[in-house]
Amino acid sequence: MLRSSASSSFAMSLARHTVSQRQLIGAPAWLQNFASDESNGSKLYAWKSDNLEGYAEKPGGDLDGVTKTRTLADSRKRIHILGVGNLGRLYATSLSEMKRSPITLVLHRKELLEQWTSRPAIEISRRGVTEKVSNFDVEWWTEERPRVGPVREVCDGSSISNLIVATKAPDALPQVDRLRRYLDASSTVAFVQNGMNRLWPPHGAVYNGKRFPPNQHPNWIHCVTTHGVTSLGPFRSIHASPADIAMGPVFMNPETQGSSGYLVEQILQAPHLSARAVPSFDLWVLQLEKLVVNSTINPMTALLRCKNGLLFSSSGDSSSERVMDLLLDEASLVLRTLVLDDSSREILAGAGCSSSNEKVDVDRQALVDRFSSGRLKEMLRQVGEKVKDNTSSMLQDVTFGKETEIKEFNGWFVDTAEYLGVKAPNHRTICNMVEESLVLDQDQLGRYFPAINDM
């Protein structure tokens, strides 16, 4: 159900709905930060090209006037894509080929809107062929009211029906939280970035309870995306390594989960994405396995400034391969301990498993075996062969001087190990090394990990 305006009842409902402090004991810092924020979400304006100085010809009306731009049917089918980096471009261009849904690209900087205005297209290359796609609405969402051109509130003050979150992992939930004024039970939010989704049990229920009125949180889904996409600059990418997408529920609203079907169906049918639907339990496992790959290949390529394949090019005796073995051993310990911890029971019992203790124990033992060190090393070798010609996202980030996702990858293992009472010192070390922007060769790398001398 769409709201006609950013209703004040939202604030009143939110004020009445609180989360007990007991639920926040032992919660991660990000969740406690959200819980301590009592704001209701700011009103945001949707800037378009006609709001830019030197482009628009008419002032933006009286102080209270806000231009209404879309019909109800348009709003229900419209897909907003938040973040137009590599993955945002992949999803946007693929969905646009079907010509079924209006698509809005949501930018995070005014400069990007200016760049789009001067060159309004996404360029994506596949197998040597470059395609330019321009059939998008493009907006910059900001608290700053435009001084020229039509004045538009985000979604005309109504709900966002379909949102794909394609930002970098550290920005994903903070950016979505900023939009909660425009999210409700009718909204479906699909996260597509790397790293573990933060709304898996037990944290999702606490976040929803704190940030939304009762039974009004969106349907949260996630797309584990294995495609390799390389940036050539703003709005330009190469779809270097076509792969697939596994999509499933993370935390659904039981009263409106059927409404998520529209966005899910569009992603499933879009060309180039090769998406498939999976149960939430399978999605959780796939996210964990992809996290193992990302937390091993990505930081190593960033430190050594090399493509993925060079990590696997020796006989297995290089410093880089022995360091990767250390990281995989620690990842195995953390994941096997996590599977046996009570915090995982809700996922195991609630995702297609029986609620009986016997069935949960069987699934846990199967996962313990699946997350063994030997099996993770074999999985990494197989993935490494498939992506050997790719440039990792973290290497792209450090090359362009951007913030990396190291805290969402290796930092997740450090934080989870601390929560579980085990240790992950090598993941902590490599986090620090990437954050210090080190550039190393094989010999220099080995000096940071003396344990490889005992292997």
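What you are looking at is a predicted structure, and each value in this text was computed from that prediction instead of being measured. (Residues numbered from 1 in each chain as written. Predicted model: local features only at pLDDT ≥ 70, side-chain atom pairs only at ≥ 80, totals over all residues. Heavy atoms only, no water.)

1. Looking at the overall build of the protein
Then, number 1: Within the protein, the secondary structure is distributed over 17 helices and 13 strands.
Then, number 2: Residues counted as buried form 55% of the 455 residues belonging to the protein.
Then, number 3: For the protein, the proportion of contacts with a sequence separation of at least 24, taken over those separated by at least 6, is 79%.
Then, number 4: Element-wise, carbon and sulfur atoms account for 50% of the exposed surface of the protein, whose accessible area totals about 20100 Å². (Helix = DSSP H or I, 4+ residues; strand = E, 2+ residues; numbered from the N terminus. Buried < 20%, exposed > 50% of the residue type's maximum accessible area, 1.4 Å probe, protein only. Contact = heavy atoms within 4.5 Å. Areas by Shrake-Rupley, 256 points an atom, 1.4 Å probe, with all protein chains shown as cover.)

2. Overview of unusual backbone geometry
Then, number 1: Following Pro201, the chain continues to Pro202 via a peptide bond in cis, the omega torsion being 5 degrees.
Then, number 2: For Pro202, the location among the structural elements is in the loop between strand S8 (188-191) and helix H7 (203-211).
Then, number 3: One non-glycine residue, Asp156, lies in positive phi territory at about 55 degrees.
Then, number 4: Residue placement: Asp156 occurs in the loop between strand S6 (137-142) and strand S7 (162-165).
Then, number 5: The exposure class of Asp156 is buried, given its relative accessible area of 10%.

3. Topic: the packing of helix H10 (residues 319-340) against helix H13 (residues 373-386)
Then, number 1: In contact at an axis separation of 9 Å, H10 and H13 are set at 130 degrees when each is read in the N-to-C sense. Taken as axis vectors, H10 and H13 run oblique relative to one another. Considering the relative orientation of H10 and H13, their crossing is right-handed. Side by side, H10 and H13 meet where Met324, Asp325, Leu328, Asp329, Ala331 and Ser332 of the first sit next to Ser373, Leu376, Lys377 and Leu380 of the second.
Then, number 2: Of the residues that constitute the contact of H10 with H13, the class distribution is five nonpolar, two polar and three charged. (Axes fitted to C-alpha atoms, helices over the stretch in contact; angles between N-to-C directions. Parallel < 35°, antiparallel > 145°, perpendicular 65-115°, else oblique. Left-handed = near helix turned anticlockwise from the far one by under 90°. Nonpolar A, V, L, I, M, F, W, Y, C, P; charged D, E, K, R; others polar.)

4. Some points on the pattern of salt bridges
Then, number 1: For the coordinates displayed, the defined rule picks out 24 salt bridges.
Then, number 2: Its salt-bridge partner being Lys210, residue Glu38 comes within 2.9 Å of it at the nearest N-O pair. Here Glu38 is found in the loop between helix H2 (29-36) and strand S1 (45-47), whereas its partner Lys210 is found in helix H7, with 172 residues between them in sequence.
Then, number 3: With a relative accessible area of 14%, Lys210 lands in the buried category.
Then, number 4: Glu139 serves as the salt-bridge partner of Lys48, at 3.9 Å between the closest nitrogen and oxygen. Remark: Glu139 occurs in strand S6 and Lys48 occurs in the loop between S1 and helix H3 (72-77); sequence separation between them is 91 residues.
Then, number 5: When its relative accessible area of 18% is taken as the criterion, Lys48 is described as buried. (Salt bridge = Lys/Arg side-chain N within 4 Å of Asp/Glu carboxyl O.)

5. Here's the deal with the packing of helix H9 (residues 280-304) against H13
Two measures define how a pair of helices packs: the angle their axes make with one another and the distance between the axes.
Then, number 1: Closest axis-to-axis distance for the H9/H13 pair is 10 Å, and the angle between their directions is 70 degrees. Taken together, H9 and H13 sit at an angle that is classed as roughly perpendicular. Contacts between H9 and H13 pair Glu289, Val292, Val293, Thr296 and Ile297 from the former with Arg375, Leu376, Met379, Leu380 and Val383 from the latter.
Then, number 2: Considered class by class, the residues forming the contact of H9 with H13 number seven nonpolar, one polar and two charged.

6. Notes on the environment of Leu310
Then, number 1: Turning to its location among the elements, Leu310 is positioned in the loop between H9 and H10.
Then, number 2: As a C-alpha pair, Leu310 and Gly384 span 74 residues in sequence and 9.5 Å in three-dimensional space.

7. Brief notes about the sheet that holds S8
Then, number 1: Strand order in the open sheet made by the nine strands is S1-S6-S3-S2-S7-S8-S9-S12-S13, with mixed pairing throughout. Strand pairing shows two members of the sheet lacking a second neighbour, S1 and strand S13 (275-277), which therefore form its edges. Taken over all neighbouring pairs, the strand axes of this sheet differ in orientation by 30 degrees on average, direction set aside.
Then, number 2: Sheet topology note: the S1/S6 ladder contains three bridges and is antiparallel. The residue bridging Trp47 from the neighbouring strand is Trp140, located in S6.
Then, number 3: On the sheet, helix H4 (residues 86-96) packs against strand S2 (79-82), strand S3 (103-107), S7, strand S9 (219-225) and strand S12 (245-251) and is oriented at approximately 160 degrees with respect to S2. (Pairing = 2+ DSSP bridges.)

8. Re helix H6 (residues 169-178)
Then, number 1: Ala169, Pro170, Ala172, Leu173, Val176 and Asp177 are the residues of H6 that are buried.
Then, number 2: Where H6 is buried, its residues contact H2, S7, S8, H7, S9 and helix H15 (406-420).

9. Regarding the sheet that holds strand S5 (residues 129-133)
Then, number 1: Strand order in the open sheet made by the four strands is S5-S4-S11-S10, with mixed pairing throughout. Two strands lie at the open edges of the sheet, namely S5 and strand S10 (228-233), each paired on one side alone. On average, each strand axis in the sheet is tilted by 25 degrees relative to the strand beside it, whichever way the strands run.
Then, number 2: Here strand S4 (residues 122-126) runs beside strand S11 (residues 236-241); their pairing, made up of three bridges, is parallel. Opposite Glu123, over in S11, you have Arg236 as the bridge partner.

10. Here's the deal with the pairing of S4
Then, number 1: Most of S4 sits inside the fold, with five of its five residues counted as buried.
Then, number 2: The alternating pattern of S4 places Ile122, Ile124 and Arg126 and Glu123 and Ser125 on opposite faces, both of which are buried.
Then, number 3: As paired elements, S4 and S5 share five bridges and run antiparallel to each other. Following the sheet pairing, Ile124 is matched in S5 by Glu131.

11. As for H7
Then, number 1: Here H7 lies mainly inside the structure; seven of its nine residues are buried.
Then, number 2: Listing the buried residues of H7 in full gives Gly204, Val206, Tyr207, Asn208, Gly209, Lys210 and Arg211.

12. Section: the packing of aromatic side chains
Then, number 1: Following the criterion strictly, the structure yields 10 aromatic pairs and no others.
Then, number 2: A ring pair is formed by Trp116 and Phe235, whose centres lie 5.2 Å apart and whose planes are at 70 degrees; its orientation type is edge-to-face. You can see Trp116 sitting in helix H5 (residues 110-118) and its partner Phe235 sitting in the loop between S10 and S11, a full 119 residues away along the chain. The burial state of Trp116 is the same as that of Phe235; both residues are buried.
Then, number 3: Residues Tyr207 and Phe212 carry aromatic rings whose centres are separated by 6.4 Å and whose planes lie at 70 degrees to one another, so their mutual orientation is edge-to-face. (Phe/Tyr/Trp six-rings, centres within 6.5 Å; stacked < 30°, edge-to-face > 60°.)

Distances and angles like these do not, on their own, reveal function.
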